[in-house]
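# Notes for the structure review
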Amino acid sequence: MEPKQGLKKETRRHYQGYFQDGEYHVEKFPSTEVYEYDSKGYFTLYQSENYDENGDVSVEGTKALVEFLIEKGVDGLYVGGSSGECIYLSVEDRKKTLEAVMEANKGRITIIAHVACNNTKDSCELARHAEALGVDAIATIPPIYFRLPEKAIAKYWNDISAAAPNTDYVIYNIPQLAGVALTMPLFDEMLKNPRVIGVKNSSMPIQDIQMFKRQAKLNNREVVIFNGPDEQFVGGRMIGAEGGIGGTYGVMPELFVTLNNMIKAGDVKEAYKLQDDINEIIYTMCSTKGNMYATAKAALKKRAGLELGGVREPLLNLQDGDEVIVDKVVELVEEKKGNLLITADHGNAEQLLDYETGAPFTAHTTNPVPFILVNYDKERIIEKSQLNDEIRGT
């Protein structure tokens with residue numbers, strides 16, 4: 001098997017074109033070198049576990065969820081993490097889930113498989129299985145319960161990586177649940193493994209993202225950092241995370257996709273507002289008596305008709321009174337949905353500068369202009385219309 005491509009270095013050349021005195025001119029700017037993870041996208045979200053009426057893994061429910069999320073525009077799925085209830089599933093359950101995801105996906109988006117169990121043997125078995133299925137990367141938390149020394153944690157991680165030698169590796173740092181943190185000395189040790197290409201960082205301090213970036217550079221490495229806490233997606237992205245992996249994304253994928261697009265477009269002010277709206281939804285989800293992932297699955301049933309079952313015990317399913325909160329979650333998500341229109345209809349199309357004053361030329365163009373309409377309600381997209389049909393009153 002050929003090794004998959006991990007981080008790649010690209011040289012980007014920058015040009016600017018403009019009309020002047022009836023001629024088209026091209027101005028070249030200095031080139032820049034960037035590193036990218038060679039996947040289909042940075043924005044990745046959760047894959048929840050799905051059960052049938054007997055409490056067994058539902059292949060059809062899993063496939064339906066994959067289709068729903070891809071339709072909503074996500075770039076990838078993180079399979080078998082916290083929202084996948086990984087610590088309550090058998091090895092066979094986790095294999096069955098990943099197989100269903102890969103069959104439904106058919107190579108369309110990035111798949112990261114979380115393969116950690118609380119012992120090396122089972123973790124390596126899942127790593128080999130994930131590589132055989134062709135995932136883009138594997139990921140692991142550290143061993144939990146016993147507070148193992150960092151030498152033992154590094155060996156555990158490297159042994160799992162060695163079981164899938166042709167697959168990239170992402171460290172999952174979640175100290176508030178795992179009981180141990182990814183320290184800088186431990187990270188230094190793991191960066192000796194060329195397959196380590198990133199960290200899913202779920203520690204609460206945003207500065208950890210920046211610290212991992214800096215530490216990697218000190219080791220002459222470039223890594224991808226995924227922001228973990230959903231409530232600080234904007235903060236994590238702004239300080240350097242290339243994307244996010246989160247447990248509430250699946251309930252409102254449209255909102256997180258839009259939020260990610262706002263950040264990429266530099267629309268920080270609107271991103272702050274949308275993050276605040278998203279956080280209201282998250283806080284509402286967390287107010288049920290049942291487990292938050294039970295709330296998420298119930299909300300997806302109401303939103304999209306997905307039959308995903310409940311959560312696996314000892315996680316607590318929805319309790320009396322929780323349905324009212326689920327209805328509120330769905331109401332909030334639908335209320336916050338909207339359209340994102342990205343265009344450049346204001347100036348600089350015919351000429352960049354006012355030739356007399358030298359100031360930027362900002363008059364509206366009279367030419368057709370390209371635009372991107374981000375809208376996941378297909379019934380509301382007006383085809384074969386003029387731009388002013390979409391944005392009346394602006």
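Structure report, in brief. In this numbering scheme, every chain counts its residues from 1 along its sequence in written order. The predicted origin of the model limits local features to residues at a pLDDT of at least 70 and limits the giving and counting of side-chain atom pairs to 80 or more, whereas totals for whole chains, interfaces and linings rest on all residues. No hydrogens and no water enter the side-chain calculation; it runs on all heavy atoms of the structure.

### Considering the overall build of the chain
Secondary structure counts use DSSP, requiring at least four H or I residues in a row for a helix and at least two E residues in a row for a strand, with both numbered from the N terminus. Helix and strand content of the chain: 13 helices and twelve strands. We call a residue buried when its accessible area falls under 20% of the maximum for its residue type, exposed when it is over 50%, and partly exposed in between, using a 1.4 Å probe and counting protein chains only. Here the chain, with 394 residues, has 48% of them falling under the buried criterion. What sets the accessible areas is the Shrake-Rupley method with a 1.4 Å probe; for residues, cover comes only from the shown protein chains. Total accessible area on the chain is roughly 19,600 Å²; 51% of this is exposed by carbon and sulfur atoms.

### Digging into the side chain of Thr 140
With respect to the secondary-structure elements, Thr 140 resides in strand β6 (residues 137-140). Given the relative accessible area of 0%, Thr 140 is considered buried. Contacts are assigned to residue pairs with any non-hydrogen atoms lying within 4.5 Å of each other. Apart from the residues within four sequence positions on either side, Thr 140 is in contact with His 114, Val 115, Ala 116, Trp 157, Ile 160, Tyr 169, Val 170, Ile 171 and Tyr 172.

### Some thoughts on the packing of aromatic side chains
Pairing of aromatic rings covers Phe, Tyr and the six-membered ring of Trp, with a centre-to-centre limit of 6.5 Å; geometry is then stacked below 30 degrees between planes, edge-to-face above 60, and tilted otherwise. As enumerated under the stated definition, the model contains six aromatic pairs in all. Here Tyr 145 and Phe 146 contribute two aromatic rings whose centre-to-centre distance is 5.1 Å and whose plane-to-plane angle is 85°, an arrangement assigned as edge-to-face. Comparing Tyr 145 with Phe 146, the two get one shared label, exposed. Geometrically, the ring pair formed by Phe 233 and Tyr 249 is edge-to-face, given 6.1 Å between the ring centres and 85° between the ring planes. Remark: Tyr 249 occurs in the loop between β10 (243-244) and α9 (253-265) and Phe 233 occurs in helix α8 (residues 233-239); sequence separation between them is 16 residues. Taken individually, Phe 233 and Tyr 249 each receive the classification buried, so the pair is uniform in this respect. Three or more aromatic residues joined by ring pairs form one cluster here, namely Phe 233, Tyr 249 and Phe 256. Two thresholds decide whether a charge sits over a ring: the Lys NZ or Arg CZ must be within 6 Å of the ring centre and within 35 degrees of the ring normal. When the ring centre of Tyr 78 is taken as origin, the NZ or CZ atom of Lys 200, which lies over that ring, is 5.2 Å away.

### Brief notes about the nonpolar core
Working definition of a nonpolar core: buried Ala, Val, Leu, Ile, Met, Phe, Trp, Tyr and Cys residues. They are joined through side-chain atoms within 4.5 Å. Ile 138, Trp 157, Ile 171 and Phe 187 are the most contacted members of the largest nonpolar core, which has 66 residues in total. Apart from residues lying up to four places away in sequence, Ile 171 is in contact with Thr 140, Trp 157, Leu 182, Phe 187, Met 190, Val 196, Gly 198, Val 199 and Lys 200. Within the second largest apolar cluster, 29 residues are counted, among which are Phe 256, Leu 259, Ala 271 and Ile 282.

### Details of unusual backbone geometry
Residue Glu 313 is joined to Pro 314 through a cis peptide bond whose omega torsion reads 20°. In this fold, Pro 314 is placed in the loop between α11 (292-304) and α12 (322-336). In this structure, Lys 106 is a non-glycine residue whose phi angle is positive, near 55°.

### Regarding the packing of helix α3 (residues 120-133) against helix α4 (residues 150-163)
For any two helices packed against each other, one specifies the crossing angle of their axes together with the interaxial distance. An axis is simply a line fitted to the C-alpha atoms; with a helix, the fit covers only the stretch in contact. Between two such axes, the angle follows the N-to-C directions and lies from 0 to 180 degrees. Look at α3 against α4: their axes get within 8 Å of each other, and the N-to-C directions meet at 30°. Of the two elements, α3 crosses α4, and the hand of that crossing is right-handed. Contacts from Thr 120, Ser 123, Cys 124, Ala 127 and Arg 128 in α3 reach Tyr 156, Asp 159, Ile 160 and Ala 163 in α4. Each residue is assigned to one of three groups, with Ala, Val, Leu, Ile, Met, Phe, Trp, Tyr, Cys and Pro labelled nonpolar, Asp, Glu, Lys and Arg labelled charged, and all others, Gly among them, labelled polar. Along the lines of polarity and charge, the residues of the contact of α3 with α4 split into five nonpolar, two polar and two charged. By convention the crossing between two helices is left-handed if the near helix lies anticlockwise of the far one by an angle smaller than a right angle, and right-handed if it lies clockwise.

### Overview of the pairing of strand β4 (residues 76-79)
A two-sided burial pattern is seen for β4, the buried positions comprising Gly 76 and Tyr 78 on one face and Leu 77 and Val 79 on the other. DSSP calls a pair of strands paired once it identifies at least 2 bridges connecting them. Of the strand pairs in this sheet, β4 and strand β5 (residues 110-114) are connected by four bridges, and their pairing is parallel. In the strand pairing of β5, Leu 77 is matched with Ile 111. Viewed along the sheet, the connection from β4 through helix α2 (residues 91-105) into β5 turns out right-handed. Crossover handedness is defined by viewing with both strands directed away from the observer: a clockwise path from the first strand over the helix to the second marks the crossover as right-handed.

### Observations regarding the packing of α2 against α3
Between α2 and α3, whose axes approach to 11 Å, the crossing angle comes to 15°. Judged by the angle between their axes, α2 and α3 are roughly parallel. Of the two possible hands of crossing, α2 and α3 adopt the one that is right-handed. The segment α2 lies against α3, with Val 91, Glu 92, Arg 94, Lys 95, Leu 98, Glu 99 and Met 102 engaging Asp 122, Glu 125, Leu 126, His 129, Ala 130 and Leu 133. Taken together, the residues that form the contact of α2 with α3 break down as six nonpolar, one polar and six charged. By definition in this entry, angles of less than 35 degrees are roughly parallel, angles greater than 145 are roughly antiparallel, angles of 65 to 115 are roughly perpendicular, and the rest are oblique.

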